[in-house]
Amino acid sequence: MFLKKINNLWKFLEDNYPKPKFIKKINVIDFSKLKKAFDEENFPFVKQVIENLYLNNEAYIFKKAVSPKLRDISIYLANLYNETQKSNFFKMLNECPNFHRIIDHEIAMKYSIYAIKHSFYFYNWNIKSNEEKFLKDEVYSNWSYIKYLSGLKKNEYEQNIPSDLIVDRLQIVNYPSGGGELRDHTDPIKNIRVVNGIILSKYGEDFNQGGFYFKDEKNNKVNIEKKLDVGDSVSFYGSIVH
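Computed from a prediction, not measured in an experiment: that's the story for all the values here.

Caption draft 1: The pattern of salt bridges, seen in detail. In total, this model carries twelve salt bridges according to the counting rule given. Where Glu158 meets Lys136, a salt bridge forms, and the shortest distance between an N and an O atom there is 3.7 Å. Highlighted residues: Glu158 in the loop between helix 6 (130–149) and strand 5 (169–174) and Lys136 in helix 6, separated in sequence by 22 residues. With respect to class, Glu158 is no different from Lys136; both count as buried.

Caption draft 2: Inspection of the packing of helix 4 (residues 69–84) against helix 6 at higher detail. Where helix 4 contacts helix 6, the axes come no closer than 10 Å and their chain directions differ by 135 degrees. Considering their axes alone, helix 4 and helix 6 lie oblique with respect to each other. Read as a crossing pair, helix 4 and helix 6 show a hand that is left-handed. Contacts between helix 4 and helix 6 pair Lys69, Leu70, Ile73, Ser74, Tyr76, Leu77 and Tyr81 from the former with Glu131, Glu132, Phe134, Leu135, Glu138 and Val139 from the latter. Residue composition of the contact of helix 4 with helix 6, by class: eight nonpolar, one polar and four charged.

Caption draft 3: Just the sheet that holds strand 2 (residues 58–63), in detail. Here we have four strands laid out as an open sheet, ordered 1-2-10-7, and mixed in their pairing. For this open sheet the edge positions go to strand 1 (25–30) and strand 7 (194–198), each flanked by a neighbour on one side alone. Shown here is a sheet whose adjacent strand axes are inclined to one another by a mean of 20 degrees, direction ignored. Pairing geometry for strand 1 and strand 2, over six bridges, is parallel. Counterpart to Asp30 in the pairing with strand 2 is Lys63. Across the sheet, helix 6 is in contact with strand 2, strand 7 and strand 10 (233–237); its angle to strand 7 comes to roughly 165 degrees.

Caption draft 4: Fine view of the packing of aromatic side chains. As enumerated under the stated definition, the model contains 22 aromatic pairs in all. Aromatic side chains Tyr203 and Phe207 sit 5.6 Å apart centroid to centroid with 80 degrees between the ring planes, which places their arrangement in the edge-to-face category. Among the residues examined, Tyr203 registers a relative accessible area of 27% and is labelled partly exposed. Pairwise contacts between aromatic rings join Phe2, Phe31, Phe38, Phe43, Tyr60, Phe62, Tyr145 and Tyr148 into one cluster. The positively charged end of Arg183 is found above the aromatic ring belonging to Tyr114, 3.6 Å away from the centroid.

What counts and what doesn't
- Residues numbered from 1 in each chain as written.
- Predicted model: local features only at pLDDT ≥ 70, side-chain atom pairs only at ≥ 80, totals over all residues.
- Heavy atoms only, no water.
- Salt bridge = Lys/Arg side-chain N within 4 Å of Asp/Glu carboxyl O.
- Helix = DSSP H or I, 4+ residues; strand = E, 2+ residues; numbered from the N terminus.
- Buried < 20%, exposed > 50% of the residue type's maximum accessible area, 1.4 Å probe, protein only.
- Axes fitted to C-alpha atoms, helices over the stretch in contact; angles between N-to-C directions.
- Parallel < 35°, antiparallel > 145°, perpendicular 65-115°, else oblique.
- Left-handed = near helix turned anticlockwise from the far one by under 90°.
- Contact = heavy atoms within 4.5 Å.
- Nonpolar A, V, L, I, M, F, W, Y, C, P; charged D, E, K, R; others polar.
- Pairing = 2+ DSSP bridges.
- Phe/Tyr/Trp six-rings, centres within 6.5 Å; stacked < 30°, edge-to-face > 60°.
- Lys NZ or Arg CZ within 6 Å of the ring centre and 35° of its normal.

Following this line, the structure appears as structure tokens:
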């Protein structure tokens with residue numbers, strides 16, 4: 001019943017109002033407040049969050065969304081894969097392995113969204129080691145509630161395999177110092193309305209330029225990095241330019 005109320009609200013908003021495009025406000029709250037609202041089925045709270053995301057062109061920074069230890073585990077896994085496997089690519093078919101791929105300019109030109117990055121891809125059917133299990137459990141401790149916020153079941157897609165057409169995929173992304181790039185874009189909302197990213201680096205310590213930004217209605221960049229700490233997550237409706 002609670003999930004149905006959430007989906008009815010989303011349907012009403014999407015049927016009657018245009019999709020948000022530019023950011024107007026950044027909200028900063030503890031993730032525990034969102035989690036508690038869902039656990040207690042506090043619909044007025046959840047309704048306000050959804051209306052802020054869609055009607056009011058707002059984004060959320062959820063503080064302390066995951067354990068800071070996720071950073072160390074992610075770095076460990078990225079280094080392990082980088083040292084033991086060559087950069088590679090696999091189509092998302094049944095039994096697709098975990099892999100990593102260095103995406104340079106030439107490769108980036110083949111994607112719909114241009115990005116210079118080093119990505120590490122993990123699929124649930126390959127989660128085996130303790131470190132991989134920690135990665136999955138920590139990500140899902142945040143992501144399952146973002147799915148709920150989007151109108152999905154908390155475990156939606158989690159057990160799927162590629163032949164089911166939609167699967168969950170965990171990705172660790174490294175933007176190389178001095179050359180990493182992700183150009184302005186929006187994200188499709190077909191499978192999930194609310195985009196969510198977990199922050200594993202800190203402005204002023206790991207990097208001093210660039211970072212996560214939105215665009216406002218005057219096409220100005222609204223950089224949010226100084227508000228972010230390791231373990232926070234950022235959530236927003238996918239049609240907002242970022």
